[in-house]
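Overview (structure and organization)
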Amino acid sequence: MSMNQYRSVLCYVQGEPAQDLGVQRAVRFVRESRARLHLLGVVGDERTRTHQKLDDEPRRQGQVGGKQLEASAQALRAEGIVANVSVGWGQPSKVISQKVVVGGHDMVFKMANPEDGVSRWRYFGDTAVRLMRLCPCPVWVVRGDRSEQSRRVLATIDPIDAPERLALNDAV
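These remarks concern the structure in this document. (Residues numbered from 1 in each chain as written. Predicted model: local features only at pLDDT ≥ 70, side-chain atom pairs only at ≥ 80, totals over all residues. Heavy atoms only, no water.)

Now for the sheet that holds strand β2 (residues 36–43). What the five strands build is an open sheet, ordered β3-β2-β1-β4-β5; its pairing is parallel. Strands with a single pairing partner mark the edges of an open sheet, and in this sheet they are β3 (83–89) and β5 (139–142). Averaged over all pairs of adjacent strands, the angle between their axes in this sheet comes to 25°, without regard to strand direction. Sheet topology places strand β4 (residues 107–111) next to β5; four bridges connect them, and they run parallel. Its bridge partner lying in β5, phenylalanine 109 is registered against tryptophan 140. Helix α1 (residues 21–33) contacts β1 (8–12), β2, β4 and β5 of the sheet and is inclined by roughly 150° relative to β4. (Pairing = 2+ DSSP bridges. Helix = DSSP H or I, 4+ residues; strand = E, 2+ residues; numbered from the N terminus. Axes fitted to C-alpha atoms, helices over the stretch in contact; angles between N-to-C directions. Contact = heavy atoms within 4.5 Å.)

A word on the environment of phenylalanine 29. Within the element layout of this structure, phenylalanine 29 appears in helix α1. The spatial distance from the C-alpha of phenylalanine 29 to the C-alpha of valine 9 is 8.7 Å, given a sequence separation of 20 residues.

Judged by nonpolar contacts, the single largest core of 22 residues is most densely connected at Val9, Cys11, Leu37, Leu39, Leu76, Ile81 and Phe109. For this core, the elements supplying multiple residues, two or more each, are β1, α1, β2, α3 (56–78) and β4. Counting residues per element, this core draws most heavily on α1, which supplies six residues. Excluding anything up to four places from it in sequence, phenylalanine 109 contacts Val9, Leu10, Cys11, Tyr12, Gly22, Arg25, Ala26, Phe29, Trp140 and Val142. Judged by nonpolar contacts, the second largest core, of 11 residues, contains Leu10, Leu40, Val42 and Val108. (Core = buried A, V, L, I, M, F, W, Y, C linked by side-chain atoms within 4.5 Å. Buried < 20%, exposed > 50% of the residue type's maximum accessible area, 1.4 Å probe, protein only.)

What follows covers the environment of glycine 22. Of note, glycine 22 is situated in helix α1. The exposure class of glycine 22 is buried, given its relative accessible area of 0%. Along the primary structure glycine 22 and arginine 143 are separated by 121 residues, whereas in three dimensions their C-alpha atoms are 8.1 Å apart. Residue contacts for glycine 22: discarding those within four places in its chain leaves Cys11, Phe109, Met111 and Val142.

Taking 1.5 Å per residue as the helical rise, α1 with its 13 residues ought to reach 18 Å, and the 18 Å between its terminal C-alpha atoms agrees with that figure. Listed as buried for α1 are Leu21, Gly22, Val23, Arg25, Ala26, Val27, Phe29, Val30 and Ser33. Taken from the residues just after α1, arginine 34 is the one with a positive phi, measuring 60°. (Expected span 1.5 Å × (residues − 1).)

This next bit is on unusual backbone geometry. Unlike most non-glycine residues, arginine 34 shows phi in positive territory, near 60°. Along the polypeptide, arginine 34 turns up in the loop between α1 and β2.

We now examine the pairing of β2. β2 sits mainly inside the fold: seven of its eight residues count as buried. One ladder, built from five bridges, connects β1 with β2; its direction is parallel. Bridge assignment links serine 8 to a residue of β2, and that residue is arginine 36. Handedness of the crossover joining β1 and β2 through α1 is recorded here as right-handed. Pairing of β2 with β3 involves seven bridges; the strand directions are parallel. By the bridge assignment for β3, histidine 38 is matched with asparagine 84. (Right-handed = clockwise from strand over helix to strand, strands pointing away.)

Attention shifts here to the side chain of serine 93. With respect to the secondary-structure elements, serine 93 resides in helix α4 (residues 92–103). Assessed through its relative accessible area of 1%, serine 93 is described here as buried. Among all residues touching serine 93, those that are not within four sequence positions of it are Thr127, Arg130, Leu131 and Leu134.

What follows is the structure in structure tokens.
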């Protein structure tokens, strides 16, 4: 895909949107590709997906996170970027993958979170690795340095020889 073929970008936001390097990189990408931007926060755990009673803390986190995301989206709209917001509940990799399918997004940005991972996935974090395996579109994991240019790109492919996977592997 060329830059202009990307129409909808989902950015998983962890924490304060203005401080998230993943958001900054996604905004730059959206400007270059003229795509829409969807900011997604994820709060909660498996209980939220099964409609069990939520504690006050996850509910409060979702409300605060949604307000922060909306404030960031409003600032981006003022700059001419088409941006919207949602807060999902559950395991981040599953929520993100579902949003990609339902929303028709063709790129995901996520900040690397090495503290999120077990030793073998320490470089990216568990959520990023799960996304690389589950997500039906490319995932751009942004590391913690502020360099303007990406010096390395890691592309993962699925080694399964199924015909539908071979075409995707060739595209990657």
